[in-house]
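If you want the building blocks of each chain, they are given just below.
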Amino acid sequence: MTSSSEDLDAQPLLAVEDLAKRYGRHMGCEAVSFRLWPGEVLGVVGESGSGKTTLLNCVAGRLTPDAGRVLYSDRLGAVRDLHGIAEPERRMLMRTDWAFVHQNPRDGLRMGVSAGANVGEPLMAVGARNYGAIRSAAGDWLAKTEIDVGRIDDPPRTFSGGMQQRLQIARSLAAGPRLVFMDEPTGGLDVSVQARLLDLLRGLVTELKLAVIVVTHDLAVARLLSHRLLVMRGGRVVETGLTDQVLDDPQHPYTQLLVSSVLQP
Amino acid sequence: MTDMLRLCDVSKDFVLHNQGGAEIPVLLGASLTVNAGECVALTGPSGAGKSTLMRMIYGNYLTPTGSIRIRHEGAMVELAGADPRRVLAVRRRTLGYVSQFLRVVPRVATLDVVAEPLIALGEGAEAARARAGDLLRRLNLPEALWPLPPATFSGGEQQRVNIARGFAHPYPVLLLDEPTASLDGANRAVVLELIGEAKARGAAIVGIFHDADARAAVADRTFEIAPLATAA
């Protein structure tokens, strides 16, 4: 992908400093630091248990880290310490500026209410009140995520897995977030459905100039979506760099093992 | 003459940690300057490190020692050890690369694959697609194939899509890895024409051409890469 911010001196949107999370004596993640700029997609790869989802949840404010800071530069340019601000303020940020796409659409959608309501809710949460405008915006988002607008009144439990995932993406992007967290967004989908979703995500990220942190164990997904990679093992970052450099010329023994273990179709 | 690319004392070895830490030296002390409007052909036997050197310039291989500088927006920029965001900025505007393999998202139409680098630079979608269409037409790729993703195309067709993508934006520096391989005579001639036109507009080109006639037609000089004796 080729849309990351041009200005190398610009202030990062997000700065993660020395983040750690421990579960009792077991380490979730340790000493993780990175920065992220607008328009940039950062891939976090590693096997299950490597700490990548723990890291994502700490950065996204869904878990409280035991050490370290997550600094976010808001729309006015003020830097906010995510785990230092009050709970209501953090919730407000998560609603207005951030979005989270879960691996399982059921975790991000309300399965019993209509597709239109699923997309309309986040708009109402940031202040939209006009029913006609909300419904029309929801329709636009369904179209953008390639869902038949005729299904707007159907609940997502009547949708296929791929459609549900696209609806979750519509719901998460509707309120205009600047930063999106994705946990295995194409996991559990058929390969043909995955390709369509990847294409859709790439287009939206470029069009909306989103900053994205995407956790995946699939190196092909990481290559297609992300500009930069963090490789995690045992809760630590073992290698970082430009995506094609990390995958084509891996330096760390673990990354070399990971890259050489992928089956080529 | 304006220097566009300066390689100074560049070395590279691969350390295979999962093969008992085997060290494979590939390049030792390579130095090369390429000026605007010039095409330099990398030569040497298969496995000598020609593609490795090209990938080090592009940045998908790291450069552990030495310097690789490129003229980017008027100033020489160091690529060895550069911040990934800087490498991406250089690739977007300055450094094009036609590799031997086309790697794209499965579902994207050929026309959009070719137009993508222009759209990433802020060109309007219509103008970008028009430029993409011109190139594909010139490379004799049937218009019926343009809306299809290139994954199922023949090797020669994919190669032409790859070349069209690499020539869509007038990059000041171009890396061409076997651009005429798997092409028939007519299309080979079109590619050599495109390379000639790029030189005429001042592009600095580094190429690998196994086809000696193609090399003779476009290269101003050659740069020999001798294989290093691997420690047995």
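The coordinates are above.
Residues numbered from 1 in each chain as written. Chains lettered and ligands numbered in written order. Predicted model: local features only at pLDDT ≥ 70, side-chain atom pairs only at ≥ 80, totals over all residues. Heavy atoms only, no water.

A word on the overall build of chain A. Scanning chain A for helices and strands turns up ten helices and ten strands. Taking 18 Å as the expected radius of gyration for a compact globule of 265 residues, we find that chain A reaches 18 Å, a close match to that expectation. Dimensions of chain A, computed from C-alpha atoms along their principal axes, come out at roughly 55 × 50 × 40 Å. Out of the 265 residues in chain A, the part that is buried amounts to 55%. When contacts within chain A are restricted to residue pairs at least 6 apart in sequence, those whose partners lie at least 24 apart make up 67%. Charge-centre separation for chain A: the mean point of 29 positive side chains lies 6 Å from the mean point of 31 negative side chains. (Helix = DSSP H or I, 4+ residues; strand = E, 2+ residues; numbered from the N terminus. Rg over C-alpha atoms; globule rule 2.2 N^0.38 Å. Buried < 20%, exposed > 50% of the residue type's maximum accessible area, 1.4 Å probe, protein only. Contact = heavy atoms within 4.5 Å. Lys, Arg positive; Asp, Glu negative; His and termini not counted. Charge placed at Lys NZ, Arg CZ, Asp CG, Glu CD.)

Moving on: the interface of chain A and chain B. At the junction of the two partners, chain A supplies 29 residues and chain B supplies 27 residues. Approximately 2600 Å² of surface area, both sides summed, lies buried where chain A meets chain B, with 52% of it carried by carbon and sulfur atoms. Taken together, chain A and chain B are joined by five salt bridges. Between chain A and chain B we count eleven residue pairs in polar contact (both at pLDDT 80 or more) in total. Elements supplying a minimum of two residues to the side of chain A that touches chain B: α7 (191–208), α8 (219–225), β10 (236–242), α9 (243–248) and α10 (253–260) of chain A. Grouping the amino acids of the side of chain A that touches chain B by side-chain chemistry returns seven nonpolar, ten polar and twelve charged. (Buried area = accessible area lost by both parts, 1.4 Å probe. Salt bridge = Lys/Arg side-chain N within 4 Å of Asp/Glu carboxyl O. Polar contact = N/O pair within 3.5 Å; in protein donor to acceptor, adjacent residues only side chain to side chain. Nonpolar A, V, L, I, M, F, W, Y, C, P; charged D, E, K, R; others polar.)

With that out of the way, let us pick up the pattern of salt bridges. The full count for this structure, using the stated rule, is 31 salt bridges over all chains. Two residues, arginine 69 of chain A and glutamate 17 of chain A, come together in a salt bridge whose shortest N-O distance is 3.1 Å. With arginine 69 of chain A in strand β4 (residues 67–73) and glutamate 17 of chain A in strand β1 (residues 14–23), the pair connects residues that are 52 residues apart, well separated along the chain. Judged by its relative accessible area of 33%, glutamate 17 of chain A is partly exposed. A salt bridge links aspartate 211 of chain B to arginine 188 of chain B; the nearest nitrogen and oxygen atoms lie 2.5 Å apart. On the criterion of sequence distance, the pair formed by aspartate 211 of chain B in the loop between β8 (204–208) and α7 (212–218) and arginine 188 of chain B in helix α6 (residues 185–200) is long-range, its members being 23 residues apart.

All names here are of chain A. Applying the stated criterion across every chain, the model contains five aromatic pairs over all chains. Where tyrosine 72 meets tryptophan 98, the ring centres are 5.2 Å apart and the plane angle is 80°; that geometry is what we call edge-to-face. Residue tyrosine 72 is located in strand β4, and its partner tryptophan 98 is located in strand β6 (residues 98–101); the two are separated by 26 residues in the primary sequence. Pair check on accessibility: tyrosine 72 and tryptophan 98 agree, each one buried. (Phe/Tyr/Trp six-rings, centres within 6.5 Å; stacked < 30°, edge-to-face > 60°.)

It is worth stressing that arrangement in space is one thing and function is another; only the former is reported here.
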